[in-house]
Amino acid sequence: MRTHTPLEAPPETPLQTLPARAHVTVGRSQPVLDVVVPVYNEEADLERCVRRLHDHLARTFPYAFRITIADNASTDRTPEISAYLDDAIDEVIAVRLEQKGRGRALRTVWSMSQAPVLAYMDVDLSTDLNALLPLVAPLISGHSDLAIGSRLARSSRVVRGTKREFISRAYNLILRGSLAARFSDAQCGFKAIRKDVAERLLPLVEDTGWFFDTEMLVLAERAGLRIHEVPVDWVDDPNSTVHIVKTATEDLKGVWRVGRALATGALPLDRLRRPFGDDPRDRGLSGVPGGLARQLVGFCVVGALSTLVYLLLYSLFRLGTGPQIANALALLLSALGNTAANRRLTFGVRGRDRAMRHQAQGLVVFGIGLALTSGSLAALDAAASGTPAHSTELAVLIAANLAATVLRFLLFRAWVFPSESRQNGTATDLNLTDHDSRNTR
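Treat the numbers as computed from the prediction; the structure is a model and nothing was measured. (Residues numbered from 1 in each chain as written. Predicted model: local features only at pLDDT ≥ 70, side-chain atom pairs only at ≥ 80, totals over all residues. Heavy atoms only, no water.)

Draft legend 1. Main features of the side chain of S156. By secondary structure assignment, the location of S156 is in the loop between β5 (146-150) and β6 (157-159). In this structure the side chain of S156 is engaged in a polar contact, spanning 2.6 Å, whose partner is the backbone oxygen of S150. For S156, the contacting residues outside a window of four places in its chain are S150, R151, P231, V232 and D233. (Helix = DSSP H or I, 4+ residues; strand = E, 2+ residues; numbered from the N terminus. Polar contact = N/O pair within 3.5 Å; in protein donor to acceptor, adjacent residues only side chain to side chain. Contact = heavy atoms within 4.5 Å.)

This is how it looks when you write it as structure tokens:
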């Protein structure tokens, strides 16, 4: 009997964006799908569940497949049963890990596997296996990057206790509120991922336990990867050994850690972005700057909010000082916020790198805007016979700010954030060009 033990880490994948999605290459002997079953002290159910899964795949799955038993440092007869199944069934292999952690097991086995589609499911097989083919089909076809089973979809049929139902829904509400997650069920033990995505995504996932799934999905979603959801029929396992309180505590710590990393831009999610496919309608138009439309929309939204803040500050400062000082203070404060907001939202710059430089350049742009608005106020004061009305001042400032806004956008795009705008705005075109050039060689 044999049990496979991972001896060394897989080679590191170069930090580069993903290629365009495509149908996986299907070989006659090479497994297309590798289903991982993480186990810890499952001697009672392991053989029955693995044989049931193997029988289902042999009858229904149209391609070659493999089942990998990932033993998480079990202390009962699980290693012996895993080794027996490895010997008895050609499509089954057993991998032994000396440390516990479902996330650690999935990361290790998925990194070792050569199958283009990787999946996992809980050993209790609570999820109806008829959902397995719909789960992996979008990954095989090239339509999606990840796929998850959802017990919270409207058409799902779920049998479980009130306590677990409440905890599951509350957890997903927390994810939606804190991390802006849009997927419906983070904890269902029924997921799949493409190998090329896993190679780049897994090194960014820190958790080695139960939060592994959630962290992987959040990062994938934030990077713009496509997540396919499959409604499932699911029956709760009353003998589950998951410690709910401990798991919930660790999950909340993970939510805080990931939320902080996303807020500070500490994760290189740009390496996960995909270009469009081969449809000519997806290709960039010559002569049209990449990302210009999106940046204009973002800049206008930020600009509208900044203008409201500026006018509010000006009105407040005007109560205790003259128009020139009130204008300078209001424009300075709103300019700092405007530069920070445009840096992150419009031009997609994350992290603290060159943040002070960008603010300094933004202040230069602010100086130009100050010259325009101050000059407008001076011209108004010179033209008026007396003190101009407050409403007239505001009207003149709005017109001057509109002119300053157009100039500010051009300076931001061409001078303050030139490399970032090209990198984020035209990444699709560059990747597409690389993709096309590779195809012609």
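Let's pick the thread back up.
Draft legend 2. Fine view of the nonpolar core. Residues W110, L146, F183, I193, L201 and M216 are the most contacted members of the largest nonpolar core, which totals 42 residues. For this core, the secondary-structure elements that each account for two or more residues are β3 (92-97), α3 (102-112), β4 (117-121), β5, α5 (162-179), α6 (195-201), α7 (212-222) and α8 (244-264). In terms of residues, this core owes the most to one element, α7, which gives six residues. Filtering out sequence-adjacent residues up to four positions away, M216 remains in contact with W110, L146, K191, I193, L201, L202 and V205. Counting 38 residues, the second-largest nonpolar core is a separate cluster that includes V50, F61, V117 and V230. (Core = buried A, V, L, I, M, F, W, Y, C linked by side-chain atoms within 4.5 Å. Buried < 20%, exposed > 50% of the residue type's maximum accessible area, 1.4 Å probe, protein only.)

Draft legend 3. Summary view of the pairing of strand β1 (residues 33-39). Taking burial as the measure, the seven residues of β1 include seven buried ones, the bulk of the element. Residue alternation in β1 divides its side chains into two sets, L33, V35, V37 and V39 and D34, V36 and P38, and both sets are buried. Two strands pair when backbone bridges link them, and β1 and strand β2 (residues 65-72) are joined in this way by seven bridges, in the parallel orientation. Looking at β2, one finds that V36 is bridged to T68. Read from β1 through helix α1 (residues 46-60) to β2, the crossover connection turns out right-handed. Examined bridge by bridge, β1 and β4 share four bridges and lie parallel to one another. (Pairing = 2+ DSSP bridges. Right-handed = clockwise from strand over helix to strand, strands pointing away.)

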